Amino acid sequence: MENDRRPHVTIIVWACTTLCLVSYTAAFSHGASLSACTDMIPRHLRAQLHSSNNNYVTVHTNMSFFFPGDKVPVTVRSTRDFMGFLLQARKVSNDEITGMFIFIPPGSKLLTCFEDGDTVTHSDKSLKRNLSFVWKAPAQPIGDIKFFISVVQSYFVYWAKIESAIVAQRGQN
């Protein structure tokens, strides 16, 4: 009797494991999960973090300061193709995510980590290199900010929290 059950149990365990892994993998091809909001680290199995100092991606803005309510263009430039990303603006004073993205490129989607549109991630696994966004500062003063991006080159290789230069806020009380 026990020998009759063994093949069935093995098949059920194999099927459950396969379905879990397929759904887990498919989820990341459509963007980062909410579990990455705080630390910006992808939750891929056996993914390998690379040093932020040795990356091929830069985050730029053509503005060195902004006023409350301003729209700030943000450009991500890369010397190599990558598949996935997570982009946020964070307050320098306490590392809180702030503001909202009001323009995102194709192959991207908005993610709500704490407030609507405060984060952008990929919506497909097409290869990306140069991306342009527009971020809108909150109407109230928030202090200086930096933009941070985590980039996934492949399922197993990523860089976390690559940062821009500080963008200073003007017009604070």
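Below or above, wherever it landed, is the structure these notes cover. Keep in mind the model is a prediction, meaning the values are calculated, not measured.

Some words on the overall build of the chain
Across its full length, the chain holds one helix and twelve strands. The buried share among the 173 residues of the chain stands at 39%. Total accessible area computed for the chain in this model is approximately 9800 Å², and 58% of it derives from carbon and sulfur atoms.

With respect to the state of the cysteines
Tallied over the entire structure, the rule returns one disulfide. Each disulfide pairs two cysteine sulfurs, and for Cys 37 the partner residue is Cys 113, the sulfurs being separated by 2.0 Å. Between Cys 37 and Cys 113 the sulfur-sulfur dihedral comes to about -75 degrees; the bridge is accordingly left-handed. Of this pair, Cys 37 sits in the loop between helix 1 (2–28) and strand 1 (48–50) while Cys 113 sits in the loop between strand 7 (108–111) and strand 8 (119–122), and the two are 76 residues apart along the sequence. For Cys 37, a relative accessible area of 4% translates into the label buried.

Here's the deal with the sheet that holds strand 6 (residues 100–103)
Pairing in this open sheet of four strands is antiparallel, and the strands run 2-4-9-6 from one edge to the other. Each edge of the open sheet is held by one strand with a lone partner, namely strand 2 (57–60) and strand 6. The average angle at which neighbouring strand axes cross in this sheet is 30 degrees, direction not considered.

A look at the nonpolar core
In terms of nonpolar packing, the biggest core is built from 26 residues, with Phe 66, Phe 85, Phe 133, Trp 135, Ile 145, Phe 147 and Ile 149 touching the most fellow members. Sorting the residues of this core by element identifies strand 2, strand 4 (71–78), strand 5 (84–91), strand 9 (131–136), strand 10 (145–154) and strand 11 (157–163) as the ones contributing at least two each. When residues in this core are grouped by element, the largest group, four residues, is from strand 10. Sequence-distant contacts of Phe 133, that is, excluding residues within four places in its chain, are made with Val 72, Pro 73, Val 74, Val 76, Phe 85, Leu 87, Phe 101, Phe 103, Ile 104, Pro 105, Ser 108 and Val 120. Counting seven residues, the second-largest nonpolar core is a separate cluster that includes Leu 86, Ile 97, Cys 113 and Phe 148.

Let's talk about the packing of aromatic side chains
Considering all chains together, one arrives at six aromatic pairs under this definition. Centroid distance Phe 65 to Phe 67: 5.9 Å. Interplanar angle 90 degrees. Geometry classified as edge-to-face. Assessed through its relative accessible area of 39%, Phe 67 is described here as partly exposed. Between the aromatic rings of Phe 85 and Phe 133, the centroid separation amounts to 5.8 Å while the plane-to-plane angle is 65 degrees, which identifies the pairing as edge-to-face. Here Phe 85 is found in strand 5, whereas its partner Phe 133 is found in strand 9, with 48 residues between them in sequence. Residue Phe 85 is classed as buried on the basis of its relative accessible area, which comes to 2%. Given a relative accessible area of 2%, Phe 133 falls into the buried group. Among the aromatic side chains, those forming a connected cluster through ring pairs are Phe 66, Trp 135 and Phe 147. For the cation-ring pair, Lys 161 lies above Phe 148, with the distance from its terminal atom to the ring centre recorded as 5.1 Å.

Procedures and definitions
Sequence positions are assigned chain by chain, starting from 1 and proceeding in written order. Local features in this predicted model are restricted to residues whose pLDDT is 70 or higher, and side-chain atom pairs enter the listing and the counts only when it is 80 or higher, whereas totals over whole chains, interfaces and linings include all residues. Heavy atoms from the whole structure form the basis of all side-chain values; hydrogens and water molecules are not counted. Helix and strand definitions follow DSSP, with helices as H or I runs of at least four residues and strands as E runs of at least two, each counted in order from the N terminus. Accessible area is worked out with a 1.4 Å probe on protein chains only. A residue is then buried under 20% of its type maximum, exposed over 50%, and partly exposed in between. Only the protein chains shown count as cover for residues, with accessible areas throughout obtained via the Shrake-Rupley method and a probe of 1.4 Å. The criterion for a disulfide is a pair of cysteine sulfur atoms lying within 2.5 Å. Strand pairing follows a simple DSSP-based rule, namely that at least 2 bridges must link the two strands. Note on definitions: angles span 0 to 180 degrees between N-to-C directions of axes, and those axes are lines fitted to C-alpha atoms, for helices only across the stretch in contact. We call a set of buried Ala, Val, Leu, Ile, Met, Phe, Trp, Tyr and Cys residues a nonpolar core when their side-chain atoms join them within 4.5 Å. Here a residue-residue contact requires only that any non-hydrogen atoms of the pair lie within 4.5 Å. Whether two aromatic rings pair depends on their centres lying within 6.5 Å, for rings of Phe, Tyr and Trp, where Trp uses its six-membered ring; planes under 30 degrees apart make the pair stacked, over 60 edge-to-face, and the rest tilted. Geometrically, a charge over a ring is one whose NZ (Lys) or CZ (Arg) sits within 6 Å of the ring centre while staying within 35 degrees of the ring normal.

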